[in-house]
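Listed below, chain by chain, are the residues.
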Amino acid sequence: MDKKEENSNNAVNNDLEGSNRRSKSLNAESNNSDLAKGNTSKNENNDLIIKDKNLKKTNSEEIFEDSEFLEDEPFLEERLFEEITEETSFYDAEPCTIDKSKKLPFKLKQNQNGNIFTLHHTVTEYDKIIRIRLSACCFGNGCTQFVIIDKRGNIFVFDFPSKRYWQLQEQIIGVSVIKPSFTKATHYLIGTKNGRLLLLDTDSSKIIKTAEVYKCPITEISFPGQPLLPSNLALIIVGHLAILFNVQTFTATHRLDLDEMPINLKFATFLPFSEKIFTCFTNDAIYFWSGVTLRNIRIHYPIKQRDKKLQRMKSDSISEFCLDSENCREFLFNCQNLDYSNGQIVSYCYAFDGSLLCLSTIDNYILLISIYTVEIKKILRTKDFVVAECAFLPKPKEILLFCLTTKHQVILLDCQNTKLILIVQSRNAFHMEISEDGQLIAILSNNGEANIWSTSQLYNILKSQEKCIELLQGSFKVKKPICLPISSNECFYNDVKNMLKRNRLLHILREYGQYPSKYRTIIWSALLKLPYNQSEFQKLLKSEVPVEIRSKSKNIKLKNESLKRSLIKVWSCLGLWCKPILYADFVPFLIFPFIKLFSKNALIAFEICVTLFLNHFQLWFEFHPMEPANYLGICENLLQFFDPDLCKFYAKMDITSTHYAWSIFSNGFSELLDQEQWLHLWDNIISCQTYFIIFCCVAYNILQREVILRLPCRDNVIMFFHEQNPIDVSQLLLKAWKLNTKCPPKLHPKRYIELFKQLPKNVYPKFLNYPNECIRQHEEKMKVFQNEQKLIDARLHQLECEELEIMKHLQRDLKDETHAKRMKG
């Protein structure tokens, strides 16, 4: 807070001197988005608000300490303030206190992302909204309770079985750690920053015992397993000291003395289900002690052992995690949070069965160590982050690790397969706490929020996603496509549209480069948002095949007669829908690959072609019957900008855009690519903007420039664009994307080409982007030609008839002459 803000706070304090009215609230949110949208109704968002009038007045310094994160979410605070001021039914005439008798209900979130609970503590002071940062939390024994403490020492208890929460009367300032005590379910040991240890009973809301352990912060509290469990001992870390503490008598019994050693203690804890004590020192040495004899059992140096292993291993054989492999501009760690003088080990955790120990290091490594043999089982490298805190997820057949990184992210790692499988929270996290049974994990954030996640829900979601990915990957190997059924029932198509969201499909395309062959028919239909106008299509089918198409189809030679009939059927419907298609010679070559792909569903084939003509091919008939000069001019300008040398070569060879561009467009790349390459390319063209096909054409020319520049003559260059040439479609698409991003705005095709428009329901809009006068003149010429053709046909028929009569006369005369000769003889 700067001086200006501090002065304004002082002014507010002076104006409100003598006023002690305040409100305090703890919000257990069922949905933060509802609150952010301003849904302040209690029944709508299930927000729970506790308000207490019995508060002492604080000065501006206390407000400054707790409100340093106020600016993170001002809009959220504003909406919360409105809700507090509206719900006045909680206010009483006289000050009241919140005790055990005032247990209020709360609800868990009913969603599928695993986040079951979100809470934050917000107060209104001097007409200012302040969110108090949370300092410590823990789950009770059996995971039945959740206790959380804020920086002002307010303690809140959430009871999961009864779905009730309440605030304790006691306030404990400067809490650093809280752990559930094994003596009683409602007892909790609390350590403070000034070295005090307190025993709190949430049932009676009282501090039962307190002790001054040392004048340093208490950072860790742990309890032993068998055979020390009945001895009421706890291991407490105070500063650089490890102290065995008797919880029953609340006195210290033993202390680990390091006065004569030039090292300090970093970590110390009882191993699970064991009396052994694990300690780690600033020289990165690990000591295992007996909790019974208090003697050292084993010493291990994991960093030295790791370095020896790394020397024997190849650098590329080390498994590696990476959050952001490209353009990572953040520091790998926060220098303020990590101390180089304390050695390289940053954090630790152990498996729930006590068989595995995990260590994270400041130089970006994760070490998995067997507790039984004290040998490193696996070395994992973290490329662009350091693990500040970690915790195992209790799964017997897998090694799943929750990690809090120095980038304030909470992630879930699969250490067995070296995969980053989930980012639980992407920012602001500074501490996490996992329950005793591993079913819940709490994450505290810098913005004053606490999120509780169900690990079982997260695990189930991940498993279901893995199955979906396996099915998807398997579908890439299946070549036989799934065809959409020919039916007027719209329910099926609506289900398809709901399942195949565009964003999901684009994620698949980015991951694999193309869509699975098995589902390509359905995916294309969903991307183009086809309306499936069955009745309108039937009207077109009932019309006769136009004469122009009937005559031109005679020159088309296909071995598959069924495919030829499908081509003529769709071509005829397109011609009836748009007149230029009747006369354009390139149309059958352009639509044939689509007809072949959808040969069993003429409706889908027709609507895909109509959609492409209205969007991707919208300028192709602008100068019909000539080539689209403006469209080809866009390609020429782009090629001139990105590869002027190739343009100079084309000009020298008298090669125009008609040869190097229109020859590609007019058949939709089908002459240049085989079937698999063509499908790969059109998966991306259909998924992208309507002008993307232009960049694909320019990219093809640029990628093939080395071959083209070495062609000796003009005929070879022209023929080059009518035959298949080796090319990597992935590289072609990558080049097209680069051209799209680097293209200057003045040359970009989006200035001239309209964005995608889907076909409406129950109608096929007319395609009108063609010269009507030219079509009319062409039709008149065709009529004159047809009339002349009829006259010529009639004259030919007459001549044939005359010729036949002459032949008959000649034959008859010949017979008579032959007969006369015989009679004379």
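Residues numbered from 1 in each chain as written. Predicted model: local features only at pLDDT ≥ 70, side-chain atom pairs only at ≥ 80, totals over all residues. Heavy atoms only, no water.

Asker: For this particular structure, what's the right way to read the overall build of the protein?
Answerer: Regarding its fold elements, the protein presents 25 helices and 32 strands. Expressed as a percentage of contacts within the protein between residues at least 6 apart in sequence, the contacts between residues at least 24 apart total 61%. Summing over all exposed atoms, the protein offers an accessible surface of approximately 41900 Å²; the carbon and sulfur share of this is 52%. (Helix = DSSP H or I, 4+ residues; strand = E, 2+ residues; numbered from the N terminus. Contact = heavy atoms within 4.5 Å. Areas by Shrake-Rupley, 256 points an atom, 1.4 Å probe, with all protein chains shown as cover.)

Asker: Would you mind going over the packing of aromatic side chains with me for this structure?
Answerer: Think of a pair of aromatic rings as described by two things: how far the centres are apart, and how the planes are tilted against each other in angle. Considering all chains together, one arrives at 43 aromatic pairs under this definition. Here Phe 281 and Tyr 287 contribute two aromatic rings whose centre-to-centre distance is 4.9 Å and whose plane-to-plane angle is 80°, an arrangement assigned as edge-to-face. Tyr 287 gets classed as buried once you look at its relative accessible area, which sits at 11%. Aromatic pair Phe 617 and Trp 682: ring centres 6.3 Å apart, planes at 85°, arrangement edge-to-face. Highlighted residues: Phe 617 in the loop between α16 (602–614) and α17 (629–642) and Trp 682 in helix α20 (residues 675–687), separated in sequence by 65 residues. (Phe/Tyr/Trp six-rings, centres within 6.5 Å; stacked < 30°, edge-to-face > 60°. Buried < 20%, exposed > 50% of the residue type's maximum accessible area, 1.4 Å probe, protein only.)

Asker: What is the right way to read the pattern of salt bridges from this model?
Answerer: In a structure, side chains of opposite charge can pair up when their charged atoms sit close to one another. Within this structure, the stated rule accounts for 18 salt bridges. Two residues, Glu 212 and Arg 196, come together in a salt bridge whose shortest N-O distance is 3.8 Å. Here the residue Glu 212 occupies a position in strand β12 (residues 206–212), and Arg 196 occupies one in strand β11 (residues 196–201), the gap between them amounting to 16 residues. A salt bridge links Lys 539 to Glu 536; the shortest N-O distance between them is 3.6 Å. (Salt bridge = Lys/Arg side-chain N within 4 Å of Asp/Glu carboxyl O.)

Asker: I'm lost on the sheet that holds strand β26 (residues 387–393) in this one. Help?
Answerer: Spatial ordering of the open sheet is given by β26-β27-β28-β29, a layout of 4 strands whose pairing is antiparallel. Pairing within the sheet leaves two strands with one partner each, and these edge strands are β26 and β29 (419–425). For this sheet the average axis-to-axis angle between neighbouring strands, irrespective of direction, equals 25°. Examined bridge by bridge, β26 and strand β27 (residues 400–405) share 6 bridges and lie antiparallel to one another. Note that in β27 the partner of Leu 393 across the bridge is Leu 400. (Pairing = 2+ DSSP bridges. Axes fitted to C-alpha atoms, helices over the stretch in contact; angles between N-to-C directions.)

Asker: How should α16 be read in this particular structure?
Answerer: Along an α-helix, residues three or four positions apart point the same way, because every turn accommodates 3.6 residues. Taking 1.5 Å of rise per residue, 13 residues should cover 18 Å, and α16 covers 18 Å from first to last C-alpha, within 8% of that figure. Counting buried residues in α16 gives 12 out of 13 residues, a clear majority hidden from the surface. Where α16 is concerned, the buried positions are Ala 602, Leu 603, Ile 604, Ala 605, Phe 606, Glu 607, Ile 608, Cys 609, Val 610, Thr 611, Leu 612 and Phe 613. The elements touched by buried residues of α16 are α10 (520–527), α11 (534–542), α13 (561–577), α14 (579–583), α15 (587–597) and α20. (Expected span 1.5 Å × (residues − 1).)

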